[in-house]
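# Notes for the structure review
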Amino acid sequence: MKPVDRHLADILAAVRPLAPLEVEIEAALGAVLAEDVASPVPLPPFDNSAMDGYAVRAGDVAAVPVTLPVIGDVAAGDDGLNALGPGLVTRIMTGAPLPAGADAVVPVEWTDGGTARVRIDRPAPPGNAIRRAGEDVRAGDVVLREGARIGPAQIGILAGVGWRRVLVRPRPRVVVLSTGAELSEPGTPLGAGHIWESNSFMLAAAVREAGAEGFRAGSVTDDPKEFMDTLDAQLLRADAVITSGGVSMGAYEPVKEALSPLGTVTFEKVAMQPGMPQGFGVVGPDRVPIFTLPGNPVSSFVSFVLFVKPALRAMQGLPAGPPATVRATVTAPVRSPAGKRSYLRAVLTGETVAPVTRQGSHQLAALAAANALIVVPEDETSLPEGAEVEVIPL
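## Examining the pairing of strand S25 (residues 352-355)
Sheet topology note: the strand S22 (residues 326-330)/S25 ladder contains two bridges and is parallel. For Val330, the partnering residue across the bridge sits in S25 and is Val353. Sheet topology note: the strand S24 (residues 341-349)/S25 ladder contains four bridges and is antiparallel. Looking at the pairing, Thr349 lines up with Thr352 of S25. Here S24 folds back onto S25 in antiparallel fashion, the turn holding two residues, of which Gly350 has a positive phi close to 60 degrees.

Right under this line is the structure:
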């Protein structure tokens, strides 16, 4: 059987980052920056007030209470030339440019709120309630680096430094297709011998959680021709394809039967439990990566975590490798077959991890109750309660 690490290495060696494209910043959410972003101006671009209040010379309000004449108002967006002489104050609003000569702002709460004359009851030291030009960003500073994932805050700073369009690696478009004559769409009546199809819903959601775009193509029967017709129709919109089911050793394995003759997809046994039957390769004229995962729900999900999620990171130009792990103490004994790396569903709480009681690869409810996978190495067949183990948080 093929080692888990080698299977992942082969996948990462085959996938490539998607080509960058320039998009409006509104369309950049979830994408990965393909260039550094620098600010053309300082932020803030000018000294301004951090509060509603009065622009003053700090020396004029050192001894309080003091009453001073108000010579005018400065609002946010004011583009006039404002100056302040000794013994005078100007009413100022949050974000308004600081008048020349002023070196402090007295919050309105420290005053009687006067408009012609104002009584100031607390002194304001130099610099009080002033946002200095460039205190957030200096002109020429890089505010976002290539490789940063763009979220709401990143879109905010892009707009804040005046960038309307930005070069990104887009979110990969991933088509998810399930196979099996026994599958029925959720919400429809369940016939004899049928189950409701869950894998494509689960995997499409996992794709979206991984920062890509997941599209369900539904399910097909065990007919290889139907599978290939559906796959060919979906390749037009796919940067990658995930299938579940149809890759084991028995009869009626449509994915294996349809793709093996192409010579571009390899089906192998990987030394892991759950998820031993795996396939990976490329399909179509654009050589779209395809991940053919086993059909049992837990096997399919674990395979996604180990192999597909790192590949999607690589396609976005992000660092990619095995899932991150933490160390924890297991609260019950665990067992594993010799020669296979096991991934046991578990609940991680602080520095302890408790395996769930049902570890069958078909037991989706147990997976839904888990928040972690305990990793049992290939050379271990059992670990006692209290052993320290590697854990993949989900």
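## Here's the deal with the sheet that holds strand S17 (residues 240-244)
Pairing is mixed across the open sheet formed by six strands, whose spatial order is S16-S13-S17-S21-S20-S18. Of all strands in the sheet, those bounded by a partner on one side alone are strand S16 (213-220) and strand S18 (265-269). The mean angle between the axes of side-by-side strands here comes to 15 degrees, regardless of whether they run parallel or antiparallel. Pairing of strand S13 (residues 173-179) with S16 involves six bridges; the strand directions are parallel. Paired with Val174 across the bridge in S16 is Gly214.

## Notes on the packing of aromatic side chains
Applying the stated rule across the entire model yields one aromatic pair. Ring geometry for Phe280 versus Phe291: centroids 5.1 Å apart, planes at 45 degrees, classification tilted. Pair noted here: Phe280 is in strand S20 (residues 277-283) and Phe291 is in strand S21 (residues 288-293), with a separation of eleven residues, a long-range link. By relative accessible area, Phe280 is classed as buried at 12%. Owing to a relative accessible area of 2%, Phe291 belongs among the buried residues under this scheme. The ring of Phe201 carries the charged tip of Arg216 above its face, separated from the ring centre by 3.7 Å.

## Considering helix H4 (residues 224-234)
Three or more residues of H4 are buried, namely Phe227, Met228, Thr230, Leu231 and Gln234. All buried residues of H4 lie within an arc of 165 degrees about the axis, which places them on one face of the element. Buried positions along H4 lie against S13, S16, S17, helix H5 (254-259) and S21. Two to three positions downstream of the cap, the backbone nitrogen of Lys225 sits 3.0 Å from a side-chain oxygen, assigning the N-cap of H4 to Asp223.

## Considerations on the nonpolar core
Proteins that are soluble and globular tend to have nonpolar side chains buried together. Of all hydrophobic cores here, the largest spans 38 residues; its most connected members are Ile242, Phe291, Phe304, Leu312 and Tyr343. Looking at this core, the elements with two or more residues in it are helix H1 (4-14), S13, helix H3 (199-209), S17, S21, helix H6 (297-315) and strand S26 (372-376). Considering every element that reaches this core, the biggest residue donor is H6, with twelve residues. Each residue touching Leu312, except ones within four places of it in the same chain, is listed here: Pro172, Val174, Val207, Ala210, Ala212 and Phe304. With 18 residues, the next largest nonpolar core counts Met228, Val247, Ala258 and Val283 among its residues.

Each value, and the rule that gives it
- Position numbers for residues start from 1 in each chain and track the written sequence from start to end.
- Under the rules for a predicted model, residues below a pLDDT of 70 receive no local features and side-chain atom pairs below 80 are neither given nor counted, while totals for whole chains, interfaces and linings still include all residues.
- Only hydrogens and water are set aside; all other atoms, that is, all heavy atoms of the structure, feed into the side-chain values.
- Following DSSP output, two strands are said to pair if at least two bridges run between them.
- A run of H or I in DSSP counts as a helix once it spans at least four residues, and a run of E counts as a strand once it spans at least two, with each numbered from the N terminus.
- Comment: axis = line fitted to C-alpha atoms, over the contacting stretch for helices; angle = value between 0 and 180 degrees taken between N-to-C directions.
- Classification of ring pairs uses Phe, Tyr and Trp, with its six-membered ring standing for Trp, and accepts pairs whose centres are within 6.5 Å; under 30 degrees between planes counts as stacked, over 60 as edge-to-face, and the remaining range as tilted.
- Here the term buried applies to any residue with accessible area under 20% of the maximum for its type, exposed to any over 50%, and partly exposed to those in between, with areas from a 1.4 Å probe on protein chains only.
- Charge-over-ring placement is defined geometrically: NZ (Lys) or CZ (Arg) within 6 Å of the ring centre, and within 35 degrees of the ring normal.
- The arc in question is the one traced by the directions running from the helix axis out to the C-beta atoms.
- By definition, residues are in contact when any of their heavy atoms lie within 4.5 Å.
- Here a polar contact is recorded for every N or O atom pair within 3.5 Å, except that within protein the pair must consist of a potential hydrogen donor and a potential acceptor, and residues adjacent in sequence are included only if both atoms are side-chain atoms.
- Throughout this description, the term nonpolar core refers to a set of buried Ala, Val, Leu, Ile, Met, Phe, Trp, Tyr and Cys residues connected via side-chain atoms within 4.5 Å.

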